[in-house]
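# Descriptive analysis of the structure
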Amino acid sequence: MPGILSVSSIVLPHWCTTSRRVVRMAAAHTPIAGVSFEAVTIKPPSHPTYDLKGIIKLALAEDAGNRWDVTCMATIPFDMEVEAHFLAKEDGIIAGIALSEMVFQEVDPSLKVEWSRKDGDYVRKGLQFGKVYGRAHSIVVAERIALNFMQRMSGIATLTKAMADAAQPAYILETRKTAPGLRLVDKWAVLIGGGRNHRLGLFDMVLIKDNHISIAGGISNALRSVDQYLERENLQMEVEVETRTHEEVKEVLQYASQTKTSLTRIMLDNMVVPLPNGDVDVSMLKEAVELINRKFETEVSHDFIM
């Protein structure tokens, strides 16, 4: 079975921008429909309760407060129309195009958005990869929210792509260490960058960590409790257990050899030891993988300070 690396999301600021060119256009508009995920190359993760449109509305309301955009209303004629261009400010993977289009449609369905690239494409600094045109008031209100999402997602996708390429044939997983309220956005960006989703929350996977193990009185007790709970509740889902030493790995393997278990993956946590010269000692990790000997998937997790 393949090995897995865990990675937390990292953001690069100021990833892309818009340049505005004011033009006079016809007053009539042809409304376009909202983004259909049927046409999106990489769809967002499926979540039973997450409201993506609600997040967009919250972001817009956060900006507008109770007066809308006072600067825009004071300086820009109400009927003026403009064309704004999306420019890449760095080389990397573009992400957030579909979400950005949702923002523009939420603010003003009459805005027309066109793209020359799609989520997951590599772009170079200076490339114009899209444009939006329509009412200036609407574009000015929408653009910063759209760019905030796109910059965050593009930074995550770009770094994920670099790590995913380096990790092959293993693959990159993200974690629950995401910005509150932006979890689906962050995890969507990881998918766009070539990574894979771990659990979306506390509801879709069993992950037995050190706190659970300590409270349960040991790894075997924790695994046994999970197996009994899943059977009692008639639930089928992935089960992962965190191990920090070879002794814990051996205990997991011994339990699994003696009991029918739902366990699917063993996490090897912090078994990579940083050395003073900047290198790493992977001997402990290597021995743990050899102990498991492909009986279960292995996930390698380490707390890096960046």
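Residues numbered from 1 in each chain as written. Predicted model: local features only at pLDDT ≥ 70, side-chain atom pairs only at ≥ 80, totals over all residues. Heavy atoms only, no water.

The protein chain appears in an unreviewed UniProt entry as nicotinate-nucleotide diphosphorylase (carboxylating) from Durio zibethinus. Comment text from UniProt for the protein chain, heading Catalytic activity (unreviewed entry), reads "nicotinate beta-D-ribonucleotide + CO2 + diphosphate = quinolinate + 5-phospho-alpha-D-ribose 1-diphosphate + 2 H(+)". A UniProt comment under Pathway (unreviewed entry) is attached to the protein chain, and it reads "Cofactor biosynthesis; NAD(+) biosynthesis; nicotinate D-ribonucleotide from quinolinate: step 1/1." (UniProt positions renumbered as here; feature names shortened; annotations may be inferred.)

So, about the side chain of T160. Among the secondary structure elements, T160 is positioned in helix α4 (residues 136–167). Overall, the relative accessible area of 4% leaves T160 in the buried class. Ignoring any residue separated from it by four or fewer positions in sequence, one finds T160 in contact with V190, G193, G194 and G195. (Helix = DSSP H or I, 4+ residues; strand = E, 2+ residues; numbered from the N terminus. Buried < 20%, exposed > 50% of the residue type's maximum accessible area, 1.4 Å probe, protein only. Contact = heavy atoms within 4.5 Å.)

You can see A142 is positioned in helix α4. Distance from A142 to V103, taken between C-alpha atoms, is 6.4 Å for residues 39 residues apart in sequence. When neighbours within four sequence positions are excluded, A142 is seen to be in contact with V103, F104 and V107.

Per the counting criterion, the structure on display carries 13 salt bridges. One salt bridge in this structure joins K161 and D165, with 3.4 Å as the shortest N-O distance. You can see K161 and its partner D165 sitting in helix α4, 4 residues apart, about one turn around the helix. With a relative accessible area of 35%, K161 lands in the partly exposed category. In the salt-bridge network here, residues are joined through shared partners; they are E238, E240, R265, E297 and E299. (Salt bridge = Lys/Arg side-chain N within 4 Å of Asp/Glu carboxyl O.)

Let's shift gears to the nonpolar core. By size, the foremost hydrophobic cluster in this structure holds 44 residues, and its most contacted members are L99, V103, F104, V132, F149, M153 and W188. Looking at this core, the elements that each hand over two or more residues are α1 (52–64), β3 (81–88), α3 (97–107), β7 (128–135), α4 and α5 (183–192). Sorting elements by how many residues they give to this core places α4 first, with 11 residues. Non-local contacts of F149, meaning those with residues more than four positions away in its chain, are made with I55, I56, A59, L99, V103, L182 and V185. I208, V249, I266 and V272 belong to the second-largest nonpolar core, a separate cluster that totals 25 residues. (Core = buried A, V, L, I, M, F, W, Y, C linked by side-chain atoms within 4.5 Å.)

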